[in-house]
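Here are the chains, one letter per residue:
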Amino acid sequence: NAGVTQTPKFQVLKTGQSMTLQCAQDMNHNSMYWYRQDPGMGLRLIYYSASEGTTDKGEVPNGYNVSRLNKREFSLRLESAAPSQTSVYFCAIPGQVDNEQFFGPGTRLTVL
Amino acid sequence: RKEVEQDPGPFNVPEGATVAFNCTYSNSASQSFFWYRQDCRKEPKLLMSVYSSGNEDGRFTAQLNRASQYISLLIRDSKLSDSATYLCVVNFRGGKLIFGQGTELSVKP
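Since the structure is predicted, the reported quantities are computational estimates derived from the model, not experimental observations.

1. What to know about the overall build of chain A
Across its full length, chain A holds zero helices and 11 strands. Starting at the N terminus and walking to the C terminus, you meet the elements of chain A as β-β-β-β-β-β-β-β-β-β-β. For 112 residues, the compact-globule formula gives about 13 Å, and the C-alpha radius of gyration of chain A, at 13 Å, lands near that figure. When the backbone C-alpha atoms are referred to their principal axes, chain A occupies close to 40 × 30 × 25 Å.

Take a look at the structure:
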């Protein structure tokens, strides 16, 4: 996954704690995306960024904030974690050919 | 109705079998179509794009029927290594992908 890195790989939080998931790309793309994946529900878009300094809501933005301070990094913040936010979080960038996307390795988050 | 629907499976097949996955999508304005493969909750990886003319990559064949809003993936001569979850993915517009829930395939010796 040389194009997209995510940190941390795993995290356990208690309800009400906050944390920031980090995503970085080395492909110089304008667009970046955050998804969550829950069992039986496929991936759902949380937020996306079409360019540095801009962000837009996706399908499931409630409970999250994002920041795109530079072209390389797109962070996802949980201000007050809830058990419903237990999920696997993937960051993505555009692919090379057909409007596909290339995904980072994911962050597995558990909220107790 | 879900925007992208797949049979979740699981599909349990013997090695060498041919298996077909189907997918339907609801938005007729959809622009791009893909099959992704996902192993053991790792990140999804692009298997192939799907074109109206159909496309083939080795043992894998993908078809798109825009009139019926239907996408298919055919895997011939299944291998143990094909065991994974296969995700049907549609790009409506603006680069935002919509995912089906995935179809689980298990290939047995």
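2. Examining the packing of aromatic side chains
By the definition in use, this model includes 13 aromatic pairs over all chains. Ring plane angle 25 degrees and centroid distance 6.3 Å describe the contact between Y33 of chain A and Y48 of chain A, whose orientation is recorded as stacked. With Y33 of chain A in strand β4 (residues 32–37) and Y48 of chain A in strand β5 (residues 43–51), this pair connects stretches of sequence that are 15 residues apart. With 5.6 Å between their ring centres and 75 degrees between their planes, Y35 of chain A and F99 of chain B make a pair best called edge-to-face. With Y35 of chain A in strand β4 and F99 of chain B in strand β10 (residues 97–99), this residue pair bridges two chains. F99 of chain B gets classed as buried once you look at its relative accessible area, which sits at 7%. Among the aromatic side chains, those forming a connected cluster through ring pairs are Y33, Y35, Y48, F90 and F103 of chain A together with F34, Y36 and F99 of chain B.

3. Some details on the layout of surface pockets
Volume-wise, the largest pocket comes out at about 410 Å³. Lining the largest pocket are 19 residues; nearest its centre among them are E59 of chain A together with E3, L97, I98 and F99 of chain B. Estimates place the volume of the second largest pocket at around 340 Å³. Lining of the second largest pocket is provided by 20 residues; of these, Q38, R41, T85, Q101 and E104 of chain B occupy positions nearest its centre. Within the residue set of the lining of the second largest pocket, elements represented by two or more residues are β9 (84–91) and β11 (103–108) of chain B. Taken together, the residues that form the lining of the second largest pocket break down as seven nonpolar, nine polar and four charged.

4. A look at the nonpolar core
Counting 25 residues, the largest nonpolar core has F21, W35, I71, L73, I75, Y86 and L105 of chain B as the members making the most contacts within it. Mapped onto this core, the elements with two or more residues apiece are β3 (19–25), β4 (32–38), β7 (60–65), β8 (70–75), β9 and β11 of chain B. Formed by 21 residues, the second largest nonpolar core is a distinct cluster that contains C23, Y47, V66 and L78 of chain A.

5. Some remarks on the sheet that holds strand β6 (residues 55–57) of chain B
Residue and element names in this part refer to chain B. Across the sheet, which stays open at both edges, the five strands sit in the order β1-β3-β8-β7-β6 with antiparallel pairing between neighbours. Strands with a single pairing partner mark the edges of an open sheet, and in this sheet they are β1 (4–6) and β6. If you compare each strand with its neighbour and ignore which way they point, the axes differ by 15 degrees on average. Examined bridge by bridge, β3 and β8 share six bridges and lie antiparallel to one another. Bridged to A20 within β8 is L74.

6. Focus on the sheet that holds strand β1 (residues 4–7) of chain A
Residues and elements named next belong to chain A. As summarised here, the arrangement of the four strands in space is β1-β3-β8-β7, forming an open sheet in which the pairing is antiparallel. Two strands lie at the open edges of the sheet, namely β1 and β7 (65–67), each paired on one side alone. Across the sheet, the mean angle separating the axes of adjacent strands is 20 degrees when strand polarity is ignored. Looking at chain direction, strand β3 (residues 19–25) and strand β8 (residues 75–78) are connected through three bridges and run antiparallel.

7. As for the pairing of β7 of chain B
Residues and elements named next belong to chain B. Where β6 lies against β7, three bridges are found, and the strand directions are antiparallel. Residue pairing for β7: N55 is matched across the bridge by A62. With antiparallel pairing between neighbouring strands as the criterion, β6 and β7 make up a hairpin whose turn holds two residues, including G58 at a positive phi of roughly 65 degrees. Turn length for the β7-β8 hairpin, with the two strands adjacent in sequence and antiparallel, is four residues, and the turn residue Q69 shows positive phi of about 55 degrees.

The rules we used
Residues numbered from 1 in each chain as written. Chains lettered and ligands numbered in written order. Predicted model: local features only at pLDDT ≥ 70, side-chain atom pairs only at ≥ 80, totals over all residues. Heavy atoms only, no water. Helix = DSSP H or I, 4+ residues; strand = E, 2+ residues; numbered from the N terminus. Rg over C-alpha atoms; globule rule 2.2 N^0.38 Å. Phe/Tyr/Trp six-rings, centres within 6.5 Å; stacked < 30°, edge-to-face > 60°. Buried < 20%, exposed > 50% of the residue type's maximum accessible area, 1.4 Å probe, protein only. 1 Å grid on protein atoms, 1.4 Å probe; cavity = no way out; pocket = protein on both sides within 12 Å on 5 of 7 lines; lining within 4 Å. Points joined across faces, edges and corners; volume = space filled by probe spheres on them. Nonpolar A, V, L, I, M, F, W, Y, C, P; charged D, E, K, R; others polar. Core = buried A, V, L, I, M, F, W, Y, C linked by side-chain atoms within 4.5 Å. Pairing = 2+ DSSP bridges. Axes fitted to C-alpha atoms, helices over the stretch in contact; angles between N-to-C directions.

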